[in-house]
Amino acid sequence: MADTSGAGTVDNAADAGEDGVRRRDWIHIAALSTAGVGGASVLFPLVSQMAPTADVLAASTTDVDVSKVQAGQSIKATFRDQPLFIKRLTPEEIAAANEVDAGSLRDPETLADRTQEGYEDVLVTMGVCTHLGCVPLGAAEGENKGEFGGYYCPCHGSHYDTAGRIRKGPAPTNLAVPEYAFNGDVIRVG
Amino acid sequence: MSFAWAKQYEPQSGFTKWIDEKLPLPRLVYNAIGAGYPVPRNLNYMWNFGVLAGFCLVLQIVTGVILAMHYASNTEVAFGQVEHIMRNVNWGWMMRYAHANGASFFFIVIYLHIFRGLYYSSYKAPREMIWLLGVVIFLLMMATAFMGYVLPWGQMSFWGAKVITGLFGAIPFVGEPLQVWLVGGYAPNDSTLNRFFSLHFLLPFVIAGVVILHIWALHIPGSSNPTGVEVKKESDTVPFHPYYTAKDGFGLGVFLIAFTFMVFFLPNFLGHPDNYIEANPLSTPAHIVPEWYFLPFYAILRAFTGDLTIPFTGIVLIQAKLLGVIAMFGSILVWFFLPWLDKSPVRSGHYRPMFKKFFWFGLIPTMIVLTICGGAPAEEPYVLLSQIFTAYYFLHFLVILPIVSQIEVPKPLPFSITEAVLGSDKEPAAQPA
Amino acid sequence: MTIRLAGIIAGLGITAVLVLWSLVPGVIALVTGPPAEKPAYYAFKEKPVEPEGGFSFAGPVGKWDYAQLQRGYSVYKQVCSACHGLKYVAFRNLEELGYSEEQVRAEAATWNVPGIDPDTGEATMRPALPTDYFPNPYPNNVAAAAANNNAIPPDLSLMTKARKDGSNYVYSLMNGYVDPDPEKLAAAQEKGFETPMGLYFNPWFENVNLAMPPQLYEGSITYDDGTEASVPQMSADIAAFLTWTAEPTLIKRKQTGWFVIAFLLFATGLAYMSYKQIWAGQKPKKK
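Residues numbered from 1 in each chain as written. Chains lettered and ligands numbered in written order. Predicted model: local features only at pLDDT ≥ 70, side-chain atom pairs only at ≥ 80, totals over all residues.

Asker: Just checking my understanding: could you explain the packing of helix α6 (residues 128-150) of chain B against helix α7 (residues 155-168) of chain B for this structure?
Answerer: How two helices sit against one another is set out by the angle between their axes and by the gap between those axes. Residue and element names in this part refer to chain B. In contact at an axis separation of 7 Å, α6 and α7 are set at 135 degrees when each is read in the N-to-C sense. The angle between the axes of α6 and α7 places the two elements in the oblique class. Side by side, α6 and α7 meet where F146, Y149 and V150 of the first sit next to S157, G160, A161 and I164 of the second. Here the residues of the contact of α6 with α7 sort into five nonpolar, two polar and no charged. (Axes fitted to C-alpha atoms, helices over the stretch in contact; angles between N-to-C directions. Helix = DSSP H or I, 4+ residues; strand = E, 2+ residues; numbered from the N terminus. Parallel < 35°, antiparallel > 145°, perpendicular 65-115°, else oblique. Contact = placed C-beta atoms within 7 Å. Nonpolar A, V, L, I, M, F, W, Y, C, P; charged D, E, K, R; others polar.)

Given below as structure tokens:
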């Protein structure tokens, strides 16, 4: 393995010589690169241990029974450790939402875009203001619903309309609609 | 601080020059573990373990900090949190097994490092301070390891904590209040677990600090070597880098193969099954044993079975329990006095025929037998054996070493390291040392 | 000089105390006293044995036998779960045994776990979800002790790691309800050995008298895959299942280990060549 031919190699690897990489330097480069690869692959578990754990990932779907929600009422559930608003809209609220020209909005979406066919009166959104993540008011009875009758975030004054769309204030987008599916009266979110 | 022929750090670029003026950290590293540190050219593989111990400390700190991200030091949940790490955390099982086995390998490395020092008398002048700091590191390691073993809150954790804090109860007058203060209650509880977690997190950084002092003290006289003859001239040394960095790199590879083999194939071999049972303050395991690295000292603790009494009067001077505690702490404290107990002018065990016999046929078997006895139940013949070998342990350091160093006729030493390395392989010519 | 003198005196002193007050009395007691005897039950104790053919997961290249793990789960569900919990295992983990997500959801729903009535907030039972953990059959230890003649059935999640040679131990124990050897029994009874009422003789249990009655009988359950439910079969299956519950990452661990060690052998080989190369200019060291 080791070059024992002797005399010519008294000087150590520190002198690379001007004739480029010699055989005996190649072995140091290979050893160091392998050590580098090893060190880098150790980083993978060290970094990925901070990603969500298996139990957190497994709890990433939520079932909510919406049969008892009356028109005009909202319920709050928890989805991925964050609040989820489920609101059954009144005909007036639907009308108010559809009155607006979607194209004129900051984040143009129609109510139909944000609900599911056959369930146009059920608005499922995250209860997380798209500005900096506060929980908007308006889901519970008696709370300030803001100037557009939907949700109002008191942190920095974002107003959402009855379809959960941003209408005024600093929030950049509408309240997010998570992926969900109806299974009878039960919504499975996630 | 270093030898006259040590290479000087020369910054190559404008940037490194600028750094060198403002904060000469690259220069420090260059002189500490780079080409600027001349090291005896004849070091054998036993000199690999210092660097390996440093690696183990880093390994334990890195895996430990990660485990702390997922652990909770509350008696209600601690055991379950460890299982959470094992089952739910990404690669958590690997982190935990690496940390648990890392502790064992740290002690394997440190024991080899210590016994290398004992055989080659690395503790002798001018290296007393390195040795003293090393003993301090060892004591800190024992405290850290003990508290770490409590954190999973298994049966052995709990009862180990109870028994070891109980040692302090043996101290006359203040023992019992001291024990209650240490534990923060009458038996290990939430307060105990929390303070152990806090200190277990803190102490490794204290160790790192003492390690820096240890290495600093090493660089004053430079490394010892297997002949024990001091470095005299440039041909006695080689620069640490690349010679010993390459050798340590190879040593690290061998170490990692052994270590990962245990982590991936026998991760629980050095542990105890009882620690997979959650702590139960109402039921003691049939057979309490500490981790293997404490066993010799545990055997010394248990060797004292009789109270020290005045014969025929029944008056107890010192209870057996206290005698055991004194002996156990004393067994490590004697190491502090080694540089002054062993006055032989010759360092290396190679050239000390009597010392060598006592080392290989006295001390080493003693440590092995005491380890076995410490892990065995307190019954014959183990009690008897641990008593005989405990006696030898103290006699070796306190009586044999001083006397041997007085009467022994050492073999002739090589004139220099260069001669030892390059001279005739058979018999180095006797030169006036 | 003073340190050495003090050391010699201290060393001799410690030795004198140890020899005269501990060693000598110990030796006298050993010579004159009655010989120390192990408790009578030691005569029966057996070391764990492995099932016929061994376990598929044993050894450095072991693999799970998923059919066996599924059978073991049936044994747990139909027999063990009446008294023993499995609190560190979630139903979602069953997917690792080869069940599909839907099967796991359906399987979880056959178990009841403590829940809260959504209308009144009262404690109630509800069908389990995949994210739930296996329920403890007893609400607390007092209830468990009361129902089991004062012996608390331990949680089984970690059982095979909490006993020496755990997989073989569980197999041996479940398969190990035998009648004591009559000769040994007669000898042991003279020394006061007995199996008290309510306990059952099993030479694999720590003190050979076990509070758990024999649980497995020929054909006491029916396997979905048609395997004949003999006692050794069920014992091996439950032992395999409990090995999985104790360490679900067992096989992944060994496989990762091969990869890591192969890499390290390669890297260390290169490091060795590099090390030899660097030292090639230096003369070989003495010895």
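Asker: Would you take a moment to explain the interface of chain B and chain C for this structure?
Answerer: You'll often see interface size given as the accessible area lost when the parts meet. The interface of chain B with chain C comprises 53 residues on the first partner and 50 residues on the second. Those elements giving two or more residues to the side of chain B that touches chain C turn out to be α4 (78-87), α10 (240-265), α12 (320-341), α14 (382-407) and α15 (417-422) of chain B. Considering each element in turn, the side of chain B that touches chain C owes the most residues, 14 residues, to α10(B). The residue makeup of the side of chain B that touches chain C, split by class, is 34 nonpolar, nine polar and ten charged.

Asker: Explain the pairing of strand β4 (residues 315-318) of chain B here, please?
Answerer: The side chains of a regular strand alternate, first on one face of the sheet and then on the other. All names here are of chain B. Of the pairings in the sheet, the one linking strand β3 (residues 308-310) to β4 comprises three bridges and is antiparallel in character. Across the sheet, the residue bridging to T309 is V316, located in β4. Hairpin connection of β3 to β4: four residues between the antiparallel strands, including F312 at a positive phi of 65 degrees. (Pairing = 2+ DSSP bridges.)

Asker: Sorry, what's going on with the sheet that holds strand β4 (residues 122-126) of chain A here?
Answerer: Strand pairing in a sheet takes place through backbone hydrogen bonds and is either antiparallel or parallel in direction. All names here are of chain A. Taken in spatial order, the three strands of this open sheet run β2-β3-β4, and their pairing is antiparallel. The open sheet terminates on both sides in strands that have one partner only, identified here as β2 (74-79) and β4. On average, adjacent strands in this sheet sit at an angle of 25 degrees to one another, irrespective of strand direction. Of the strand pairs in this sheet, strand β3 (residues 82-88) and β4 are connected by five bridges, and their pairing is antiparallel. Within β4, the residue paired with K87 across the bridge is L123.

Asker: It is not clear to me how the nonpolar core should be interpreted in this structure. Could you clarify?
Answerer: One broad trend across soluble globular proteins is that nonpolar side chains are buried collectively. Among the nonpolar cores identified, the biggest contains 77 residues, and L52(B), A53(B), C56(B), F106(B) and V109(B) are the most heavily contacted of them. A per-element tally of this core places helix α5 (residues 92-119) of chain B first, with 16 residues. Those residues in contact with C56(B) that lie beyond four places of it in its chain are G102(B), F105(B), F106(B) and V109(B). Counting residues in hydrophobic clusters, the runner-up holds 46 residues, among them Y73(C), F134(C), Y171(C) and V208(C). (Core = buried A, V, L, I, M, F, W, Y, C linked by C-beta atoms within 7 Å. Buried ≥ 20, exposed ≤ 12 C-beta atoms within 10 Å, placed from the backbone.)

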